Amino acid sequence: MNLQPSDLQSLEALVSQKTGLKVDKNRHSEILKTLGNMLEAAKLPNFQELLRTLADCATDDPLWRQLIDRVTIGETYFFRDAAQCNVLQISVLPDLIAKRRATGFKHLSLWSAGCATGEEPYTLAIMLREMIPDIADWTFSLLATDINITSLETARRGIYRPHSFRQETRPDVQGRWFAKCDNNTFELDAAVRKMVEFAPLNLLSEDYPSFESRTMNLDLIICRNVTIYFEQATTRRIIEHFHGCLNSEGWLVVGHAEPLVSAYEGFVPRNFPNAVLYQKEADQPQLMPIQHAAPAHRDRVMPMPVVELQSVPEIAPTRVVKARAVDAVEAARMAAGREDWETVRRSLMMAERHNPMNPQVHYLRGLMLMQQNELDDAFSALRRAIYCDSSFVLAHYALGELYEKRGNTAEAMRCWLRSQRSIAERQPEDQVAPNEELTVEMFRDLLSYRLGSLPAGD
Ligand SMILES: C[S@@+](CC[C@H](N)C(=O)[O-])C[C@H]1O[C@@H](n2cnc3c(N)ncnc32)[C@H](O)[C@@H]1O
């Protein structure tokens, strides 16, 4: 393909604007070849048209894929940077684990941003497996993202060449966590693989922090050797976004080559042997209006109506925390409407972290598990909702549904009769729960119908 120097400059400017990356001059001839392939594949008439099309689409569009493969550098390996790994293993992760264990909510949320072929997030997963003896009782959100979709595909496979294990890699890691395959490759233990979830994310986008990208309420972000070539202003913006993603006193781990100290506003630099990590300052309690969940968009598929958080007792200490919990519960509700169960699950975990005694969280989880036919877990979740609020009439009703599904009609009847009794004194036009369309009269009809449909004699 014949291009003018000014064409290459336009391409470089576009790549930098969209990805933050600089095009390596030594790769020009490969890039020209790639552009030729792209023109052919996209059936575009000329380079100018290709440039326009690239400018108009997001970097996760298939058109960008080949070009991103060419301009990114995915150099990485297991247990990279021994000093940082020591700090994580000896200090930061044990501290996070102990704090969370003390709350009884055994969950951690970590994010490897710019994970390349996965060695970095899998390193974190291995560390966690090695340091948590009761790992079966824990849940993790270990998100790993990259702009390079080809790298993410490699990461998901979990099969590595010797190059992914270097001198710095702890010598026991390969034997302990990998099975050697015939062609001199090493397959990562399935339990470790399952802990990490890979997803495309361009750090120059506005997709984070957000519930959708699962980048909220994180305990730790590791983003190393990614922003080294970015403009300072871009790096600053990314760090600001990371700040918004982290929990109070959450950790940010960056590479040694990314000091830009002035960019870490809102973080406290913490000095460890041969490593500096950044810890988000503790939240200052401040007043924030509690957002009211909007009932307008409730085209959900839940089998039952849902009560608002404000209607049930909470033990969250500040209004800020309450507001976040409402956001997360509402996010769960909306995601349920889309049948996006993964987001429901994560949003509920976040809400639960703010208030493990929030009956609404357990109730929503119970409904989700019922939909997924995980009846034992649904049963525990609904029991928990009732434990948190014994007068939670909709949870009693849902528990009745569950008993009926399991064929225990006597217990189903008991739950529904209890629901009937608890609304007996209420006015027919009252809402069963605040901001719910379901009135007491409608609920009474529903209960009569369900009780009437139970086989006689039970
Ligand atoms: C050198 S690797 C670092 C891998 C790993 N973090 C480590 O330190 O071992 C840099 C990674 O950043 C990714 N990257 C570059 N620009 C990005 C962007 N704008 N958004 C997300 N990832 C990006 C590249 O695709 C590449 O996989």
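Please read these numbers as outputs of a predicted model, since none were measured by experiment.

A look at a nonpolar patch on the surface
Stage number 1. There is a patch of nonpolar side chains on the surface, built from Ile73, Ile228 and Tyr229 and spanning about 290 Å² of accessible area.
Stage number 2. For isoleucine 73, a relative accessible area of 54% corresponds to the exposed category.

Section: the sheet that holds strand 4 (residues 178-180)
Stage number 1. Pairing is antiparallel in the open sheet, where three strands are placed in the order 3-5-4. The open sheet has two edge strands, strand 3 (159-160) and strand 4, and neither has a second partner.
Stage number 2. Here strand 4 runs beside strand 5 (residues 186-188); their pairing, made up of three bridges, is antiparallel. Paired with phenylalanine 178 across the two strands is leucine 188, which belongs to strand 5.

As for the environment of valine 268
Stage number 1. Topologically, valine 268 is positioned in strand 9 (residues 267-272).
Stage number 2. Other than its neighbours up to four places away in sequence, valine 268 contacts Leu277, Tyr278, Gln279 and Glu281.

Description of the site of the ligand
Stage number 1. Residues in contact with the ligand amount to 21 residues; listed here are only the nearest, Thr19, Thr76, Gly114, Asp146 and Asn225.
Stage number 2. Between arginine 224 and the ligand, the recorded distance is 2.9 Å, taken from a backbone N or O atom to a nitrogen atom.
Stage number 3. One of the side-chain N or O atoms of asparagine 225 is found 2.7 Å from an oxygen atom in the ligand.
Stage number 4. Protein burial of the ligand: of its 600 Å² of free accessible surface, 97% is covered by the chains.
Stage number 5. For the shell around the ligand, the class distribution of residues is nine nonpolar, seven polar and five charged.

Comments concerning the packing of helix 2 (residues 28-42) against helix 3 (residues 47-56)
Stage number 1. Closest axis-to-axis distance for the helix 2/helix 3 pair is 10 Å, and the angle between their directions is 80°. Looking at the two axes, helix 2 sits roughly perpendicular to helix 3. Facing Leu35, Met38 and Leu39 of helix 2, the residues of helix 3 in contact are Phe47, Leu50 and Leu54.
Stage number 2. For the contact of helix 2 with helix 3, the residue count by class is six nonpolar, no polar and no charged.

Things to note about the confidence of the model for the chain
Stage number 1. For the chain, per-residue confidence averages 85 on the pLDDT scale, and 88% of positions sit at 70 or higher.
Stage number 2. pLDDT under 50 marks residues 286-323. Its contacts with residues more than four places away, or in other chains, come to 99 contacts.

Remarks on the sheet that holds strand 8 (residues 246-254)
Stage number 1. Read across the sheet, seven strands follow the order 6-2-1-7-8-10-9 without closing on themselves; strand pairing throughout is mixed. The strands lining the two open edges of the sheet, one partner per strand, are strand 6 (196-200) and strand 9. The sheet shows a mean angle of 20° between the axes of neighbouring strands, taken without regard to direction.
Stage number 2. Where strand 8 and strand 10 (residues 275-280) come together, two bridges link them in antiparallel fashion. Opposite tryptophan 251, over in strand 10, you have glutamine 279 as the bridge partner.

Here's the deal with the pattern of salt bridges
Stage number 1. Taken as a whole and assessed by the stated rule, the structure comprises 26 salt bridges.
Stage number 2. Between glutamate 231 and lysine 22 there is a salt bridge, with its nearest N and O atoms 3.9 Å apart. Placement of glutamate 231 in the loop between strand 7 (218-223) and helix 10 (232-245) and of lysine 22 in the loop between helix 1 (5-19) and helix 2 is noted, with a sequence separation of 209 residues between them.
Stage number 3. Owing to a relative accessible area of 47%, glutamate 231 belongs among the partly exposed residues under this scheme.
Stage number 4. A salt bridge links glutamate 352 to arginine 365; its shortest N-O distance comes to 3.2 Å. Of this pair, glutamate 352 sits in helix 12 (residues 341-354) while arginine 365 sits in helix 13 (residues 359-371); the two residues are 13 residues apart in sequence, bridging distant segments of the chain.

Comments concerning unusual backbone geometry
Residues apart from glycine generally show negative phi values, whereas peptide bonds are mostly found in trans.
Stage number 1. Omega for the bond connecting tyrosine 208 with proline 209 falls within 30 degrees of zero, at -5°, which places this linkage in the cis form.
Stage number 2. Along the chain, proline 209 falls in the loop between strand 6 and strand 7.
Stage number 3. For asparagine 217, which is not a glycine, the phi torsion comes out positive at approximately 55°.
Stage number 4. Among the structural elements, asparagine 217 can be located in the loop between strand 6 and strand 7.
Stage number 5. On the accessibility criterion, asparagine 217 (8% relative accessible area) is buried.
Stage number 6. Phi at glutamate 249 takes a positive value of approximately 65°, unusual for a residue other than glycine.

Details of the pairing of strand 1 (residues 107-113)
Stage number 1. Where burial is concerned, most of strand 1 is hidden: seven out of the seven residues are buried.
Stage number 2. Of the two faces of strand 1, the one lined by His107, Ser109, Trp111 and Ala113 and the one lined by Leu108, Leu110 and Ser112 are each fully buried.
Stage number 3. The sheet contact formed by strand 1 and strand 2 (residues 139-146) spans seven bridges and is parallel. If you follow leucine 108 over to strand 2, its bridge partner there is phenylalanine 140.
Stage number 4. One crossover worth recording links strand 1 to the parallel strand 2 by way of helix 6 (residues 119-131), and it is right-handed.
Stage number 5. Across three bridges, the pairing between strand 1 and strand 7 is parallel. Bridging from a neighbouring strand, serine 112 pairs with isoleucine 222 of strand 7.

Focus: the environment of leucine 364
Stage number 1. One can find leucine 364 in helix 13.
Stage number 2. Residue leucine 364 is classed as buried on the basis of its relative accessible area, which comes to 1%.
Stage number 3. C-alpha of leucine 364 to C-alpha of alanine 378: the two residues are 14 residues apart in sequence and 9.5 Å apart in space.

Brief notes about the nonpolar core
Stage number 1. Leu11, Leu67, Trp111, Leu203, Phe242 and Leu252 are the most contacted members of the largest nonpolar core, which has 47 residues in total.
Stage number 2. When residues of this core are traced back to their parent elements, those giving at least two are helix 1, helix 2, helix 3, helix 4 (62-71), strand 1, strand 7, helix 10 and strand 8.
Stage number 3. Examining the composition of this core, we find that five residues originate from one element, helix 4, more than from any other.
Stage number 4. Excluding residues within four positions of it along the chain, leucine 67 makes contact with Leu11, Val15, Ile31, Thr34, Leu35, Met38 and Leu54.
Stage number 5. Grouped together as the second largest cluster of nonpolar side chains are 46 residues, Val344, Val361, Leu382 and Leu438 included.

Calculation rules
- Residues numbered from 1 in each chain as written.
- Predicted model: local features only at pLDDT ≥ 70, side-chain atom pairs only at ≥ 80, totals over all residues.
- Heavy atoms only, no water.
- Patch = residues over 30% accessible without salt bridge, like charges linked within 9 Å, V, L, I, M, F, W, Y side chains within 5 Å.
- Areas by Shrake-Rupley, 256 points an atom, 1.4 Å probe, with all protein chains shown as cover.
- Salt bridge = Lys/Arg side-chain N within 4 Å of Asp/Glu carboxyl O.
- Buried < 20%, exposed > 50% of the residue type's maximum accessible area, 1.4 Å probe, protein only.
- Pairing = 2+ DSSP bridges.
- Helix = DSSP H or I, 4+ residues; strand = E, 2+ residues; numbered from the N terminus.
- Contact = heavy atoms within 4.5 Å.
- Near = heavy atom within 4 Å.
- Polar contact = N/O pair within 3.5 Å; in protein donor to acceptor, adjacent residues only side chain to side chain.
- Nonpolar A, V, L, I, M, F, W, Y, C, P; charged D, E, K, R; others polar.
- Axes fitted to C-alpha atoms, helices over the stretch in contact; angles between N-to-C directions.
- Parallel < 35°, antiparallel > 145°, perpendicular 65-115°, else oblique.
- pLDDT = per-residue confidence, 0-100.
- Right-handed = clockwise from strand over helix to strand, strands pointing away.
- Core = buried A, V, L, I, M, F, W, Y, C linked by side-chain atoms within 4.5 Å.

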